[in-house]
Structures are given as structure tokens and as C-alpha cells.
Amino acid sequence: MLEDRVPAKEDRPSVVIVMNHKDEDKYIKSYGGIFTSVNDPAGEWQLIGKLANVFTTDVTGSKTLGRNYYGIDWFIQNPFDYMVVMGSGTGANTQAEYDSWFETITEKYYSHTEEYKNGNILGTTYSFGGFSAYSLLPILAWMLYPDDFTYDEALKMRQYYYDEFVPKAPDCTTIPMYYLGSGYSASYL
């Protein structure tokens, strides 16, 4: 559904993938930086790489999960067209809670980056470790290519995935899954 409508690889935007948590300071202290998915075999790197040119480098962090950990200054000094922030353990049960968490994280850690200044920080829930990851690709396609995909179309594709491939399908209109923009200016809204 997406492959034929995404631009050729050379025309895709550059993307860096990060994961943030409810208590991000604890994770930064433990690992020395912000989790950044940079290489195989990370599921998010593989899938988002179907839509954009994802930043990759040699892995110096977790070799198993394709991770490196960078400090805030690294993100300021290395701009990309977009940053995809995956929320893991955000504590959000509603879209409003997820939006609030996302705004707090982006303001605290990324407010001095080019992506933030340009409104190009995209938020998704972290589901790339399982089969539900495929359902988020249409949402990311809409965020990255708002002239080529509509929100309603992306949501229908997401719902189709669950209706056809998952035994118990949730209603995709009622679950927090991506940032909807109650306060932070994001370019796809």
C-alpha cells in the first residue's frame, strides 16, 4: 500500500530515530546518552528505512539491538530532515497524556535542534519490536509525506492491518500512537 507511493531512495528525507522514556534522565545516566537506533538488526531501523533515509553508523552501544547513545549536543551538531521520537514506557493511556509527554520530552531534550526549530520532530509509540510495527508505517508515511498521504487514509491503512492480521483488533482511533500536536508546532499538522 505504501511502497509504490514513497519517493525513490535518493529523494527521501534524512531521519534519525531516537527512543525516549517517561524517566529519560534515568536512562541517560545509565547509558551515557539518548538511545539512538543506528543500524541492523533494529526493527525500527529496518521498517522506517522503507520510508526515509535513516541515519546509520557503526554500533558502539548495544550490538544486539543496533543502538548508540548520544548526548544532547550531538543532536544539535548533527541535523537531519526529521527526528522520529519513539515513546517507550511513557505512562500514557490517552492521546492527551501522550501529547503532554511528547511536548515535555521534545522541549527538554531537543528544543535547540534544527528539527525542533523546523517543526520536524515526529512522535510514535514504540511498537517496532513486534508485528504492530507494520501498522505504524502508514502514520509515518503521512507525517513524512503529507502531500501524498492523508491522515484518514493512513488511519484506515492502520486499522486494516489490525482487522486483517491480528486476532483481536483495537479501534485505532482511540489508542495513543503518535503526536497530534496540542502545543508543539509540527510540520505535518
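Within each chain, residue numbers correspond to sequence positions counted from 1 in written order. Local features in this predicted model are restricted to residues of pLDDT 70 or higher, and side-chain atom pairs are both shown and tallied only at a pLDDT of 80 or more, whereas totals for entire chains, interfaces and linings draw on every residue. Excluded from the side-chain calculation are hydrogens and water; included are all heavy atoms of the structure.

Q: How should I be thinking about the pattern of salt bridges in this particular structure?
A: Side chains carrying opposite charge are able to pair once their charged atoms draw close together. Any Lys or Arg side-chain nitrogen found within 4 Å of a carboxyl oxygen on Asp or Glu counts as a salt bridge. Within this structure, the stated rule accounts for three salt bridges. In this structure, arginine 5 engages glutamate 153 in a salt bridge whose closest nitrogen and oxygen atoms are separated by 2.6 Å. In this pair, arginine 5 is assigned in the segment before strand E1 (14-21) and glutamate 153 in helix H7 (residues 151-165), connecting sequence segments 148 residues apart. Relative accessibility under 20% of the residue-type maximum defines a buried residue, over 50% an exposed one, and the middle range a partly exposed one, all with a 1.4 Å probe and only protein chains included. Judged by relative accessible area, glutamate 153 falls into the partly exposed class, the value being 25%. Residues lysine 117 and glutamate 114 are paired through a salt bridge, measuring 3.8 Å at the closest nitrogen-oxygen approach. Placement of both lysine 117 and glutamate 114 in helix H5 (residues 114-117) is noted, with a separation of three residues, approximately one turn of the helix. The exposure class of glutamate 114 is partly exposed, given its relative accessible area of 35%. Secondary structure counts use DSSP, requiring at least four H or I residues in a row for a helix and at least two E residues in a row for a strand, with both numbered from the N terminus.

Q: I would appreciate a short explanation of helix H6 (residues 133-144) in the present structure.
A: Between its terminal C-alpha atoms H6 stretches 16 Å, which fits the 16 Å expected from twelve residues at 1.5 Å a residue. Contacts between residues were defined by any pair of non-hydrogen atoms, one from each residue, lying within 4.5 Å. Buried residues along H6 sit against E1, helix H2 (43-48), strand E5 (82-88), strand E6 (121-125) and H7. Given the number of residues in a helix, its expected span is that number minus one, multiplied by 1.5 Å.

Q: Looking at this model, I keep getting lost on a nonpolar patch on the surface. Mind explaining?
A: To count toward a patch, a residue needs a relative accessible area over 30% and no salt bridge; like charges are then connected within 9 Å, while nonpolar side chains (Val, Leu, Ile, Met, Phe, Trp, Tyr) are connected within 5 Å. Working definition of accessibility: Shrake-Rupley area with a 1.4 Å probe, residue cover restricted to the visible protein chains. Among the surface-exposed residues, Met1, Tyr160 and Phe165 lie close enough to one another that they form a single nonpolar patch of about 380 Å² accessible area. When you line up the elements, methionine 1 lands in the segment before E1. Judged by its relative accessible area of 64%, methionine 1 is exposed.

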